[in-house]
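Notes for the structure review
Spelled out from the first residue to the last, the chains are:
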Amino acid sequence: MFLILLATRELRDFFAKARNGSIRIMKVIIKDEQLVLGMYKEPSQAWDRDYDNLILPLLEDMQPCYILYRLDSQNAQGYEWLFISWSPDHSPVRQKMLYAATRATVKKEFGGGHIKEELFGTMKEDVCFSGYQKHVLSRLGPAPLTAAEEELKQIKINEDKVIQVKTEISVQSKHQTMQGIAFPIQESAIGALLLLKEKKINYIQLKLDIEKETINLVHTDVTDILDLPKRIPSNAARYHFFLYKHAHEGDYLESVVFIYSMPGYRCGIKDRMLYSSCKGPLLDVVEQQLHLKVVKKIEIDNGEELTADFLYEEVHPKQHAFKQAFAKPKGPAGKRGMKRIIKGGGDAENGEDV
């Protein structure tokens, strides 16, 4: 489960000590759901000579971390620092997401005004001294990015979205909208939805914690379409997201379906009202903030309805033949104007048309 992580008292005290210039480098890690000091070293040479010797040995192939490295330049607040987010490709997905979601917290705890540059890397080449120099040069001019740099940029954008979502859906906030009540979504549920978006899992079940007023993750068990009815509780309401894999008109499709299950009057009035009110805002977050496309939204009262045929017909409803309404026949061709009566001599006096 992802939580809102905070720095320990010892780390905050060490940050204050480091800012006075006595520390060259420090490594910050997540341990026991807290931000803690991994290690530190004092300066021995100029910052550029210390750089690779101190930074590269701290980077582990399977473990993300944060590196704060002191430069020799200063601004109005004191020494300037380089902030490095290390997230190797082969580290566990959950770890990468957790570190991405907590990066803003580390910067805030240390003091953003002291940070001159930020680096993000998945390989040591990204954050070594030559990688840092390339970063500075790219910032100074509009040099075209290589394919690898474009990919790295996209990774950073994606991880910033995780931070944005975490901020906007903080467990400390709850608001009411015109469509319903927006309970905050726990970070474990957000992480699962992002994994579903990447098609790394195929099923998510969520529930309301009515006492805490949050939307919580129940489980993400691998679910086949034949297993789907068994996932529907008979005595409690739930929200479900299912990656429906199927063929349609010769094409293989993978479509995300949202299922709202409410077993009628087996749930209390409060439960029924809250689940109904929270459904719309939940889907707004999923579709508008997480950009997870939901092709069909279904409401059921028991799992027996979720057959393969039912799901297929919901996602691909039959197209009924268009029945044209009876059309009134057109009148005879030609323009028929209104009669005109002209008073004059001869025939006109007798009332005849001219």
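Reading the values: rules and limits
Residues numbered from 1 in each chain as written. Predicted model: local features only at pLDDT ≥ 70, side-chain atom pairs only at ≥ 80, totals over all residues. Heavy atoms only, no water. Helix = DSSP H or I, 4+ residues; strand = E, 2+ residues; numbered from the N terminus. Contact = heavy atoms within 4.5 Å. Areas by Shrake-Rupley, 256 points an atom, 1.4 Å probe, with all protein chains shown as cover. Pairing = 2+ DSSP bridges. Axes fitted to C-alpha atoms, helices over the stretch in contact; angles between N-to-C directions. Buried < 20%, exposed > 50% of the residue type's maximum accessible area, 1.4 Å probe, protein only. Expected span 1.5 Å × (residues − 1). Arc of directions from axis to C-beta. Core = buried A, V, L, I, M, F, W, Y, C linked by side-chain atoms within 4.5 Å. Polar contact = N/O pair within 3.5 Å; in protein donor to acceptor, adjacent residues only side chain to side chain. pLDDT = per-residue confidence, 0-100.

Some remarks on the overall build of the chain
For the chain, the helix and strand inventory stands at nine helices and twelve strands. Contacts in the chain between residues at least 24 apart in sequence constitute 62% of all its contacts with a sequence separation of at least 6. Element-wise, carbon and sulfur atoms account for 51% of the exposed surface of the chain, whose accessible area totals about 21,100 Å².

Focus on the sheet that holds strand β8 (residues 203–209)
Ordered by their spatial adjacency, five strands build an open sheet running β9-β8-β10-β11-β12, and the pairing between neighbours is mixed. Every other strand in the sheet has two partners, leaving β9 (214–219) and β12 (296–300) as the edge strands with one partner each. Adjacent strand axes in the sheet meet at a mean angle of 30°, parallel and antiparallel pairs treated alike. When strand β11 (residues 251–261) meets β12, the two strands line up parallel, connected through five bridges. Bridge pairing in β12 links Phe258 to Lys297. Helix α7 (residues 187–197) rests against β8, β9, β10 (238–248) and β11 of the sheet, and its axis sits at about 155° to β8.

A short note on the pairing of β8
With six of seven residues buried, β8 lies mostly within the body of the structure. Pairing of β8 with β9 involves five bridges; the strand directions are antiparallel. The residue of β9 that forms the bridge with Leu206 is Leu217. Taking the residues that link successive antiparallel strands as the turn, the β8-β9 hairpin has four residues, and the phi of Glu213 there is positive, at about 60°.

Observations regarding helix α1 (residues 9–22)
The end-to-end C-alpha separation of α1 is 19 Å, in line with the 20 Å expected for 14 residues at 1.5 Å each. The complete set of buried residues in α1 reads Leu11, Phe14, Phe15, Ala18 and Gly21. One side of α1 carries all its buried residues, which in axial view fall inside an arc of 110°. Seen from the buried face of α1, the exposed residues on the opposite side, beyond 90 degrees, are Arg9 and Asn20. Buried-residue contacts for α1 involve β1 (25–31), β2 (34–41), β3 (65–75), β4 (78–86) and α3 (93–110).

Overview of the nonpolar core
In terms of nonpolar packing, the biggest core is built from 33 residues, with Tyr239, Phe241 and Leu282 touching the most fellow members. Among the secondary structure elements, those contributing two or more residues to this core are α7, β8, β10, β11 and α8 (269–289). Top contributing element to this core by residue count: α8, with seven residues. Ignoring any residue separated from it by four or fewer positions in sequence, one finds Leu282 in contact with Ile185, Leu206, Ile215, Tyr239, Phe241 and Phe258. The next biggest cluster of nonpolar side chains, apart from the first, holds 20 residues, and it includes Ala7, Val28, Tyr66 and Trp81.

So, the side chain of Lys279
Mapping Lys279 onto the fold places it in helix α8. Polar side-chain contacts of Lys279 include one of 2.4 Å to the side chain of Glu299. Apart from residues lying up to four places away in sequence, Lys279 is in contact with Tyr239, Phe258, Tyr260 and Glu299.

Notes on the confidence of the model for the chain
This prediction gives the chain a mean pLDDT of 82; 77% of its residues lie at or above 70. Note that residues 166–178 has pLDDT below 50 and, in this model, 26 contacts with residues that lie over four places away or in other chains. Long-range and interchain partners of residues 345–354, a stretch whose pLDDT sits below 50, account for six contacts in this model, where long-range means more than four residues apart.

What to know about unusual backbone geometry
A positive phi angle, close to 60°, is found at Glu33, a residue other than glycine. Mapped onto the secondary structure, Glu33 falls in the loop between β1 and β2. With a phi angle near 60°, Lys199 is a residue other than glycine that sits in the positive phi range. Looking at the element boundaries, Lys199 is found in the loop between α7 and β8.

Remarks on the environment of Lys293
Residue placement: Lys293 occurs in the loop between α8 and β12. In the structure, Lys293 is positioned 96 residues away from Lys197 in sequence and 8.2 Å away in space, judged by C-alpha atoms.

Here's the deal with the sheet that holds β3
The strand order across the open sheet built from five strands is β2-β1-β3-β4-β5, with neighbouring strands paired in mixed fashion. On the outer flanks of this sheet lie β2 and β5 (115–121), each paired with one strand and no other. Averaged over neighbouring strand pairs, the angle between their axes works out to 25° when direction is ignored. Sitting on the sheet, helix α2 (residues 47–55) is in contact with β1, β2, β3, β4 and β5, with an inclination near 175° to β3.

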